[in-house]
Amino acid sequence: MPRERTSARERVVCHDVCFVEAESPRPLQPRLVIQFSDGLSLLVENDRAIDLAAEFIVSFRSRENYFRKGGRP
């Protein structure tokens, strides 16, 4: 069924525009996100966390391979 188009008169109209100040709790810091094809994502906060993320990835991969070969929990 085709979608009905609204006329210009029926569209939502902006009634007001104003400026506001928003406070940010702290400056934004870049973070590293590692995404895997199965949906797992790791957020690495800073360079000190890279070793921990690497250890996790190695451990995760070894368990993943174990279960692929028929291992049970």
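Residues numbered from 1 in each chain as written. Predicted model: local features only at pLDDT ≥ 70, side-chain atom pairs only at ≥ 80, totals over all residues. Heavy atoms only, no water.

## With respect to the packing of aromatic side chains
Each aromatic ring pair is described using two quantities: the centre-to-centre distance and the angle formed by the ring planes. Taken as a whole and judged by the stated rule, the model has two aromatic pairs. Judged by centre distance (6.3 Å) and plane angle (45°), the ring pair of phenylalanine 36 and phenylalanine 60 falls under tilted. Placement of the pair is phenylalanine 36 in the loop between strand S1 (32–35) and strand S2 (41–44) and phenylalanine 60 in helix H1 (residues 50–68), with a sequence separation of 24 residues. A relative accessible area of 15% places phenylalanine 36 in the buried class. Residue class for phenylalanine 60 comes out partly exposed when judged on its relative accessible area of 26%. (Phe/Tyr/Trp six-rings, centres within 6.5 Å; stacked < 30°, edge-to-face > 60°. Helix = DSSP H or I, 4+ residues; strand = E, 2+ residues; numbered from the N terminus. Buried < 20%, exposed > 50% of the residue type's maximum accessible area, 1.4 Å probe, protein only.)

## Quick word on the environment of alanine 53
Checked against the element boundaries, alanine 53 lands in helix H1. The buried category is assigned to alanine 53, whose relative accessible area is 11%. With 11 residues separating them along the chain, alanine 53 and leucine 42 place their C-alpha atoms 7.5 Å apart. In this structure, alanine 53 is in contact with Leu42 and Val44, ignoring residues within four places of it in sequence. (Contact = heavy atoms within 4.5 Å.)

## Describing the confidence of the model for the protein chain
Per-residue confidence for the protein chain gives a mean pLDDT of 79, with 84% of residues at or over 70. Per-element averaging of pLDDT across the protein chain places H1 at the bottom with 86 and S2 at the top with 89. (pLDDT = per-residue confidence, 0-100.)

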